[in-house]
Amino acid sequence: MLGAIEAGGTKFVCAISDESLVIKERITIPTTTPEETLGKVFEFFDQFELDSMGIGSFGPIGVNKDSESYGYVTTTPKTAWKHTDFLGKVKERYTIPVGWTTDVNAAALGELERGAAKGKSSCIYLTVGTGIGGGAVVDGKPLEGFGHPEMGHVLVKMHPNDIFEGVCPYHKNCLEGLAAGPAIEKRYGKKAQELTDRKEVWEIEAFYLAQALMNYTLILSPEKIILGGGVMKQKQLFPLIRNEFKTLLNGYVETPDLDTYIIPPELGDDAGITGSLLLALKELEK
């Protein structure tokens, strides 16, 4: 029996499955303090005899096994979770193998093995919502080094018609600061879903996202780029992003057909929990 935690900034999704990844039970828990949230997480998993677990967590997190911060949520804007030994608390509770990576790396893994990038060896998963986060899988493994990718904080040039200063507390006008859901709301005074018919809103959004996707393409050459999260439920964004991406790249490198290269997730909102279950399965296979 496999356990999985998709730990997001607003909610935790916990699930158990068999080795075929058929989910037997799941619950959703609001993300509050570590004590309260993990208390409810443990209450759920204590009901089952688990063989392994996978965790995809909001970050930044420590992924370098040689670092003292391994397993910790580190410099997160969620102040209650700063420097929380998340993995350590789980391992203290359950003496089983536990896989550990970011929520977006887990989502990328889920889409690679069970979703829109199935049959490929690499992909990027970018979530555009309350924040912007990106994960990558290369040769079937989540991309990690001394840390993990923080694709939402790359710097982008300003749109000529945009004077918004950005909302990122660390970098102001990075990608997240200019293109995440809170940036859209602060710039226009309305939530993204209330601005569907405002063409200029989505042209500016596509301008920023396409810049980032071009950079990821030039650096990593992923076989698929998958865009999820609440903002990407605005389906009119996809053709705008593809057009802007094509303009920016200007024929410099050959890419797959953009209609099949820059795409929505096939697993929808289940990408992260599926990837976390795959992490658990991989730990069991070790």
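Because the structure is predicted, anything quoted here is derived from the model rather than measured.

All right, on to the nonpolar core then. Counting residues in each nonpolar core, the largest one holds 40 residues, and the members touching the most others are Leu126, Leu175, Leu209, Leu213, Leu227, Ile241 and Phe245. Where this core is concerned, the elements lending two or more residues are β6 (122-128), β7 (132-138), α4 (175-179), α5 (181-188), α6 (199-220), β9 (225-228), α7 (237-249) and α8 (258-261). In terms of residue count, the dominant contributor to this core is α6 (twelve residues). If we skip the residues at most four places from it in the chain, Leu227 touches Leu126, Leu213, Met232, Phe238, Ile241, Ile262, Ile263, Pro264 and Pro265.

So, about the packing of α6 against α7. Orientation of α6 relative to α7, taken along the N-to-C sense of each, is 55°, at an axis distance of 8 Å. The angle between α6 and α7 falls in the class oblique. Crossing geometry of α6 relative to α7 is assigned as right-handed. Counting all contacts with α6, which are made through Trp202, Glu203, Glu205, Ala206, Phe207, Leu209, Ala210, Gln211, Leu213, Met214, Thr217 and Leu218, the residues of α7 involved are Leu237, Leu240, Ile241, Glu244, Phe245, Leu248 and Leu249. A per-class count over the contact of α6 with α7 returns 14 nonpolar, two polar and three charged.

As a further point, take the side chain of Thr84. Along the chain, Thr84 turns up in the loop between β4 (52-57) and α2 (86-93). Classification of Thr84 as buried rests on a relative accessible area of 7%. For Thr84, the residues in contact, after removing those within four places along its chain, are Pro34, Gly71, Tyr72, Val73 and Lys89.

Right, let's get into the packing of aromatic side chains. Tallied over the entire structure, the rule returns ten aromatic pairs. Where Phe58 meets Trp81, the ring centres are 5.6 Å apart and the plane angle is 80°; that geometry is what we call edge-to-face. Taken together, the positions of Phe58 in the loop between β4 and α2 and Trp81 in the loop between β4 and α2 put the pair 23 residues apart, joining distant regions of the chain. Like Trp81, Phe58 is buried. Members of the aromatic cluster, joined through ring pairs, are Phe12, Phe58, Trp81, Phe86 and Trp100.

What counts, and at which threshold
- Residues numbered from 1 in each chain as written.
- Predicted model: local features only at pLDDT ≥ 70, side-chain atom pairs only at ≥ 80, totals over all residues.
- Heavy atoms only, no water.
- Core = buried A, V, L, I, M, F, W, Y, C linked by side-chain atoms within 4.5 Å.
- Buried < 20%, exposed > 50% of the residue type's maximum accessible area, 1.4 Å probe, protein only.
- Helix = DSSP H or I, 4+ residues; strand = E, 2+ residues; numbered from the N terminus.
- Contact = heavy atoms within 4.5 Å.
- Axes fitted to C-alpha atoms, helices over the stretch in contact; angles between N-to-C directions.
- Parallel < 35°, antiparallel > 145°, perpendicular 65-115°, else oblique.
- Left-handed = near helix turned anticlockwise from the far one by under 90°.
- Nonpolar A, V, L, I, M, F, W, Y, C, P; charged D, E, K, R; others polar.
- Phe/Tyr/Trp six-rings, centres within 6.5 Å; stacked < 30°, edge-to-face > 60°.

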